[in-house]
Amino acid sequence: MQAGKLQNRIALQRLTETVAASGAVTTTWATYAQGRAELRQAGVSEFLTAATEATTKNAVFLLRWLPGVSVADRILHDGTAWNIVAIAEIGRRRGLGLRAVAA
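Residues numbered from 1 in each chain as written. Predicted model: local features only at pLDDT ≥ 70, side-chain atom pairs only at ≥ 80, totals over all residues. Heavy atoms only, no water.

A. A look at the packing of aromatic side chains. Applying the stated criterion to the full structure yields one aromatic pair. Each ring, one from Phe61 and one from Trp82, has its centre 5.7 Å from the other, and the planes form 75°; the classification is edge-to-face. Placement of the pair is Phe61 in strand β3 (residues 52-64) and Trp82 in strand β5 (residues 80-90), with a sequence separation of 21 residues. An identical accessibility class is assigned to Phe61 and Trp82; each is buried. (Phe/Tyr/Trp six-rings, centres within 6.5 Å; stacked < 30°, edge-to-face > 60°. Helix = DSSP H or I, 4+ residues; strand = E, 2+ residues; numbered from the N terminus. Buried < 20%, exposed > 50% of the residue type's maximum accessible area, 1.4 Å probe, protein only.)

Listed below in structure tokens is the structure:
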């Protein structure tokens, strides 16, 4: 992983629940890490589902290793939210490859 290729600013977010004094539960996305990543692959894939055509945007983000990232989290990049669908560790705690689909 080369530092010069980490050109895209991203934020990692996790779904959190807040309980108000009235007992009402509110769920929101809270940022728990920010940094730079390399956008390795971005594309559009089309597929047919139940007689309707759908298009999804896919991307792979490469970033320095960070503990605790899970597929329940999401990436916020350039105003777009990306749901993480797969995580691959690069080396031994050297980096992470996050495969994501636009939300």
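B. Representation of the pairing of β5 in the model. The sheet contact formed by strand β4 (residues 74-77) and β5 spans four bridges and is antiparallel. The partner of Leu76 across the bridge, within β5, is Ala81. Taken together, β4 and the strand that follows it, β5, pair antiparallel across an intervening segment of two residues, in which Asp78 is found at a positive phi of about 55°. One ladder, built from eight bridges, connects β5 with strand β6 (residues 95-102); its direction is antiparallel. Bridging from a neighbouring strand, Asn83 pairs with Val101 of β6. (Pairing = 2+ DSSP bridges.)

C. Local environment of the side chain of Gln13. Inspection of the secondary structure puts Gln13 in strand β1 (residues 8-19). Here Gln13 falls in the buried class, since its relative accessible area comes to 7%. There is a polar contact of 2.7 Å between the side chain of Gln13 and the side chain of Arg74. For Gln13, the residues in contact, after removing those within four places along its chain, are Trp29, Ala30, Thr31, Tyr32, Asp73, Arg74 and Leu76. (Polar contact = N/O pair within 3.5 Å; in protein donor to acceptor, adjacent residues only side chain to side chain. Contact = heavy atoms within 4.5 Å.)

D. How the structure looks around the environment of Gln13. Taking the C-alpha atoms as reference, Gln13 lies 7.2 Å from Ala33; in sequence the two are 20 residues apart. At a separation of 3.3 Å, a polar atom in the side chain of Gln13 contacts the side chain of Thr31.

E. Fine view of the nonpolar core. Counting residues in hydrophobic clusters, the biggest one holds 14 residues, and the most contacted among them are Leu12, Phe61, Leu63, Ile75 and Leu98. The set of elements that each furnish at least two residues to this core consists of β1, β2 (25-49), β3, β5 and β6. (Core = buried A, V, L, I, M, F, W, Y, C linked by side-chain atoms within 4.5 Å.)

F. Main features of the pattern of salt bridges. Here the structure, examined in full by the defined rule, presents two salt bridges. Where Asp73 meets Arg14, a salt bridge forms, and the shortest distance between an N and an O atom there is 2.9 Å. In this pair, Asp73 is assigned in the loop between β3 and β4 and Arg14 in strand β1, connecting sequence segments 59 residues apart. Since its relative accessible area comes to 2%, Asp73 is described here as buried. The shortest N-O distance in the salt bridge between Arg40 and Glu38 comes to 3.2 Å. (Salt bridge = Lys/Arg side-chain N within 4 Å of Asp/Glu carboxyl O.)

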